[in-house]
Amino acid sequence: RGITSVAKARSSKLPTSRRVLGACPAQLRATTDPSVPLWPNSAVAKEVPNSGGRPLSGASTPADMRKLLEEAMEKSPKDFGGFAKDQEMDMVAFQTLIKIIAPSMGDEETKALFMSMDASNDGRIQSSEIFSDLTLSILLNRINTVVNHPLKGSYHCLPRPPFHSDPRQLAAIEVLIRVFDEVVAAHARPLPQAVAPPRNQAEPANIGVFASVFGGLRKTRPVPSGARARVAEAPPPAPDAPRGAYLYGGCGCGKTVLLDLFFRSLPAGFTARRLHWHEFIRDAFRSMQRHPPGDNVFAAMADMLAKQFRVLLLDELLITHISEAILVKNLFRQMWARGMTIITTSNYLPEELYAKGFNRDQFVDFIPDLTAQCPVIDMSSDKDYRNTDAHLDAKLFFFPVSEASTALLDRTFEQVVGKDVKTNVAIPIPMEKRNLIVPFVGEDVRGARVARFSFDDLCIGNLGRADYSVIAENFHTLFITGVPRFKPDLGAEFRRFVSLTDIIYGKKVALYLQSEVHTNDLFADALLSADGLDLDELWAFRRCSSMLSEMQNPKYHHMVWLMRNHMLQESALHL
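## Here's the deal with the overall build of the protein
The helix and strand inventory of the protein stands at 22 helices and 13 strands. Going through the 575 residues of the protein one by one, you find that 57% of them count as buried. For the protein, restricting intrachain contacts to residue pairs at least 6 apart in sequence, the fraction spanning at least 24 positions comes to 80%. Split by element, the accessible area of the protein, about 23,500 Å² in all, is 54% carbon and sulfur.

Here it is in structure tokens:
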């Protein structure tokens, strides 16, 4: 059954016979229209031999894997009789099944896989989810690989193909395993008490530079030399936390995947936050504004955060403004002093952060602290895995902007959501006392929400991180029309488009996009004058191009299936 059956099955609470299509993207099929994506059904696992060169389970194909599952359920009618009757099972039954066929998979691995499979978020999975090619591929890879750590287990749960084992990723995992074990051990111990440094008798540090923290994203004027003396800072508190990691490398080297797998592998009850840089900065600035200005604002914030979580997993560390530099410097130091560990990813080496920024001398003394508490793991490579298999176009992006491509996009949108579409839906922006107006809203066959915007709706108006986060959190699938070829000077529209792409990619939103030119050429005019681009703009261009390339590839939709539910947990939404 295909996407065109969407009008017949709307709610995730429908009977099992209706809900099975919600299993995973591999179940969705195009019927007659080639514009509808043929969701990846090609994740056929290859044999992953053990040291003896033979598959441990005796299974070497998805068909073998299915047979193992069916035989296990047939032999245990007491445990799986309910499945035989209604073709669905809960978490407990799934854990029992996995212990039979893959005893080396731990409880956390199994729970994480169940969460990925539970597309309807009702605590039950259906036969179509269990026997999908993607699930069979994951289980087949996993049972034929001996691992001794949940992080390695999660890595080997990635379906191969389309994913590939990479030596740099495997080396990074070995380092992250040590970090993982240390933070889990520390989590069982009481929080350390931060030792307050001697109070600085100089004028408060919120003079001059700090005034820009509450000034939005406008660039700060250089601080006069006389004022600079007044912002002398107290010695930072000593760190008292397990060291984290700084995953450094270019686009598509696997940094974000490893960060997500670390988050996915943490044991039950472990307190962590997994945020994109845009989400972190959004919430940190909001928190600062709730505190009275003064020297103790970062200590107060760290006290509050330490009671909520012990590990911050921060994707795409990127500092473009003095207010962000001052916040990172002071808040990170206070968090380390309270036993909190930070693991981050970045396209920049620590010494490259905020290069050539205004008043950078207020930040450079922090760089040695950052490298000491977050040792660099160099994952840089010439290989961009987001562009691997780029020829496997899922037919989700349309160009040029024309009557024909608009008609094709309209038809695809209708096939995904049916005819029951609401217009101008107001979505509240948390903590900002305003709404975001969504032009078109529908639901797909799984009951997942779908939104449609024009480029002008999203990037010409005064929208920002908070708006884009609300979109990513509320809508599984996003349609965007009319994306232009960007002008050489890039400008505010480009920065908004990059922020939007960063955020929806981080939350694993499925994307359909109509553009003036192929996405490979969106920034071609800007590249002609690349000498005029600063480092931040150059990385923004590369990152956005790389993400858009992957988002039209079936591989990305494996990650939507694998990680979307995890990215919607409360611990991955807010600081």
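## So, the sheet that holds strand β5 (residues 311–315)
Each strand in a sheet pairs with its neighbour through backbone hydrogen bonds, running either in the same direction (parallel) or in the opposite one (antiparallel). Spatially, 5 strands are ordered β4-β5-β6-β3-β7 in an open sheet, and the strand pairing comes out parallel. Strands at the two margins of the open sheet, each flanked by one partner only, are β4 (272–276) and β7 (376–378). For this sheet the average axis-to-axis angle between neighbouring strands, irrespective of direction, equals 15°. Here 5 bridges tie β4 to β5, and the two strands are oriented parallel to one another. Paired with Arg274 across the strands is Leu313, a residue of β5.

## Topic: the sheet that holds strand β8 (residues 397–398)
Pairing is mixed across the open sheet formed by 6 strands, whose spatial order is β8-β13-β12-β11-β10-β9. Strands with a single pairing partner mark the edges of an open sheet, and in this sheet they are β8 and β9 (422–429). Pairing between strand β11 (residues 449–454) and strand β12 (residues 477–483): 5 bridges, direction parallel. Counterpart to Ser454 in the pairing with β12 is Thr481.

## A word on the pairing of strand β13 (residues 510–515)
Counting buried residues along β13, 6 of its 6 residues qualify, which places the element largely inside the surrounding structure. Here β13 shows a buried face lined by Ala510, Tyr512 and Gln514 and a second buried face lined by Leu511, Leu513 and Ser515. Relative to β13, β8 runs parallel, the two being bridged by 2 bridges. Bridge pairing in β13 places Phe397 opposite Leu513. Where β12 meets β13, 5 bridges bridge the pair, whose relative direction is parallel. Residue Thr477 lies in a different strand from β13, and its bridge partner there is Ala510.

## What to know about the environment of Ser380
Note on placement: Ser380 falls in the loop between β7 and β8. For Ser380, the side chain forms a polar contact with the side chain of Asp378, separated by 2.5 Å.

## Digging into the nonpolar core
Residues Leu69, Met89, Leu176 and Phe262 are the most contacted members of the largest nonpolar core, which totals 61 residues. Of the residues forming this core, the biggest block, 7 residues, is contributed by helix α9 (residues 167–187). Not counting residues up to four positions away in its chain, the partners in contact with Met89 are Met73, Phe80, Phe83, Phe94, Leu97, Phe114, Gly123, Arg124, Ile125 and Ile130. Residues Ile429, Cys459, Tyr468 and Val517 belong to the second largest nonpolar core, which totals 53 residues.

## Topic: the pattern of salt bridges
Summed over the entire model, instances satisfying the criterion amount to 22 salt bridges. A salt bridge links Glu88 to Arg124, with the nearest nitrogen and oxygen atoms 2.8 Å apart. Remark: Arg124 occurs in strand β2 (residues 124–126) and Glu88 occurs in strand β1 (residues 88–90); sequence separation between them is 36 residues. For Glu88, a relative accessible area of 9% translates into the label buried. Ionic pairing is found between Glu432 and Arg286, a salt bridge with its closest N-O pair at 3.0 Å. Of this pair, Glu432 sits in the loop between β9 and β10 (434–443) while Arg286 sits in helix α12 (residues 277–290), and the two are 146 residues apart along the sequence. Put simply, Arg282, Asp283, Arg286, Glu432, Arg434 and Asp467 are held in one network by salt bridges that share partners.

The rules behind the values
Residues numbered from 1 in each chain as written. Predicted model: local features only at pLDDT ≥ 70, side-chain atom pairs only at ≥ 80, totals over all residues. Heavy atoms only, no water. Helix = DSSP H or I, 4+ residues; strand = E, 2+ residues; numbered from the N terminus. Buried < 20%, exposed > 50% of the residue type's maximum accessible area, 1.4 Å probe, protein only. Contact = heavy atoms within 4.5 Å. Areas by Shrake-Rupley, 256 points an atom, 1.4 Å probe, with all protein chains shown as cover. Pairing = 2+ DSSP bridges. Axes fitted to C-alpha atoms, helices over the stretch in contact; angles between N-to-C directions. Polar contact = N/O pair within 3.5 Å; in protein donor to acceptor, adjacent residues only side chain to side chain. Core = buried A, V, L, I, M, F, W, Y, C linked by side-chain atoms within 4.5 Å. Salt bridge = Lys/Arg side-chain N within 4 Å of Asp/Glu carboxyl O.

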